[in-house]
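Here is how the chains run, residue by residue.
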Amino acid sequence: MSTKTTVNLTPTMRPDVIGDIEKGNGVSVTSNSKLQVQVSTVVKGTTPQLVVDGKVVSATLKKATTGYTLIAANKLSEGTHTVAYKYKTTAGKVGDASPQLTVTVDMTAPKAPSVAPTIYENANGGINALKAADGIIVSVSLKGTNAVEGDVLNVMLDGVATPYTLKLLDILYGANVTVPKSVIDLVGQGSIPVTASITDAAKNTSPESPVTTILINTRVPNAPSSLTISGTPNLQINADQINEGVSIDFSLKDTNVVAGDTVTVLVGGIPTSYVLSAKDIANKTAHISIPKATFDAIGQGSAEISATITTASKNTSPQSKPISITVDTIAPHTPLYAPSVPENDKGGVNAAEAADGIKVGVVLSGTNAVAGDTIDVFLDAQVTTYTISARDVANRQAVISVPKSVLDKLGQGSVNVSAIITDAAGNASNMSAFNGITLHTKPINSPLVSTDFLGKDTSVDAKEAVDGTKVHVALKGTNAAEGDTINVMVNDISTGYKLSAQDIAKQIADVTVPQFVLNAAGDGSAKVNATITDTAGNISQSSAATYLNISNTAPTFIENGSSVALFTHRTGLDASTDTLINSVKISITYALGDG
């Protein structure tokens, strides 16, 4: 007895259309009019048949990686079709069709958007870092495109697409698509083309829309570094600097800037801007002048300076590290009095006084000077600078030592002494009144003394020399000047003589030694020499000595450089004592009382 196997020729699974878009509930769409249907299994001894719209159509069967593929011999018309398959045995028996799949063949793409996309954030210089941080919105009008809900709008920045699935409201009012920052970063900087296309459910894609060009500049500069203020190492700003213009210098190294970027310097919160040039970029440094109005607005005291750099698209760097300045535009007051020079009080400054320099006193009362301010003492154009101490301020006077080297540069003669006070910020007072001093620091050389006119024996009869006797003093090479004093000494008894302009012109002076000096010198050989004392008190070396032979002298008493009556007349002694006092010669330099 034989057993007969019954084969089920009715497929239980509906086919899959390769390349279709599954829309659910057994409905698919495809743009491929030549169907390729995948059949998962084939019953042994049968051949699958492709059934389209209820009719078996010619198709080719091919083995696939999984199952089999039925490829329709002819294209389908555009529209909706039903697709199924059947099994046919070698004996010609045909089973029932599988469950159907409804397929829409759609080969017509949507129309391209007719208007270029709109990117409102591109206004005012393009897309900067702040605008790009959360992406940019691209608006696309769908009017006339035949797009339907579910189609995909492709917004492309330089060919990089951002897909967006259309909703009903988009079809009615236009679509707003957010292009993420990642896409913006990917396309880079500069002018970027933006277009849009539409892809329908069957993957038909429209042509691209007209182009909109946007400018992407998301470059953010780094903070400027190394801020410095020209000419102000102590960061104190004075009135002169403000009037001339305060220049802020800063380094552009590693800031990632380009020509056209703007540097904004904030001084006390008040901005001053400067557009960088190609030269600035090449030099990697720039400077900006801060106007006087800024400092006028700040007033006196401390202020901070910092800087930022902003690109043309308004990307702003972090703020630089601030530096602190002090604005001080109030100068000390002018010293009330001319400087004092004590060494000048006795006819000028002589060599001995100048040997270790001179002292100049400057009164600080009423000047508003403080410790740390400086005094510039001017001797004509020679300057000696002194820093005021707290003690000077307390004493209300500063004493400045002007070194000998300064005096040596000035030479001889009249010199004007004045002073200026400058504060720590560099504000200077007006110059004080002048004090005229005289420098007599050139040495007086010794003169030459001569008595040749007396003859070879150089004798003088004191009794007959009622008008005294003359001594020639040669002045050549002595550096003596009008008003200096010659001191002719006879046995160390001095006769003073003030030099005239005529003496200086002749380079010789005739000094008359009075009779009483001869008498006081006494009989015999008397040494004669001379010195010169200038008006500042410089005294020359003594001249070489020459000698007089004096005779017939009378006893003489000298008091304060002048002769007086006989000693007996002053004391009441009788004439018998004359023989004693004949040998007494006294030069008294101070007053003696009677007795």
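Residues numbered from 1 in each chain as written. Predicted model: local features only at pLDDT ≥ 70, side-chain atom pairs only at ≥ 80, totals over all residues. Heavy atoms only, no water.

A. Focus on the packing of aromatic side chains. Across all of its chains, the model carries one aromatic pair by this definition. Plain terms: the ring middles of tyrosine 85 and tyrosine 87 are 5.9 Å apart, the flat faces sit at 70 degrees to each other, and that makes the pair edge-to-face. A single burial state applies to tyrosine 85 and to tyrosine 87, both of which are buried. Sitting above the plane of the tyrosine 68 ring, lysine 63 keeps its charged end 4.8 Å from the centroid. (Phe/Tyr/Trp six-rings, centres within 6.5 Å; stacked < 30°, edge-to-face > 60°. Buried < 20%, exposed > 50% of the residue type's maximum accessible area, 1.4 Å probe, protein only. Lys NZ or Arg CZ within 6 Å of the ring centre and 35° of its normal.)

B. Structural detail: the sheet that holds strand E13 (residues 160-165). As summarised here, the arrangement of the four strands in space is E13-E12-E15-E16, forming an open sheet in which the pairing is antiparallel. Both outer strands of the open sheet, E13 and strand E16 (212-216), are each paired with one neighbouring strand and no more. On average, each strand axis in the sheet is tilted by 30 degrees relative to the strand beside it, whichever way the strands run. Relative to strand E15 (residues 190-199), strand E12 (residues 152-157) runs antiparallel, the two sharing six bridges. Directly across from asparagine 154, in E15, lies its bridge partner serine 197. (Pairing = 2+ DSSP bridges. Helix = DSSP H or I, 4+ residues; strand = E, 2+ residues; numbered from the N terminus. Axes fitted to C-alpha atoms, helices over the stretch in contact; angles between N-to-C directions.)

C. Region of interest: the nonpolar core. Core analysis: the largest hydrophobic core is formed by 28 residues, its most contacted members being Ile486, Val488, Val490, Leu518 and Ile550. Where this core is concerned, the elements lending two or more residues are strand E34 (469-474), strand E35 (485-490), strand E37 (508-513), helix H11 (515-521), strand E38 (524-533) and strand E39 (546-551). Residue contacts for isoleucine 550: discarding those within four places in its chain leaves Val460, Ala462, Val490, Leu518, Ala521, Gly522, Asp523, Gly524 and Ala526. Val140, Ala147, Leu153 and Tyr164 belong to the second-largest nonpolar core, a separate cluster that totals 25 residues. (Core = buried A, V, L, I, M, F, W, Y, C linked by side-chain atoms within 4.5 Å. Contact = heavy atoms within 4.5 Å.)

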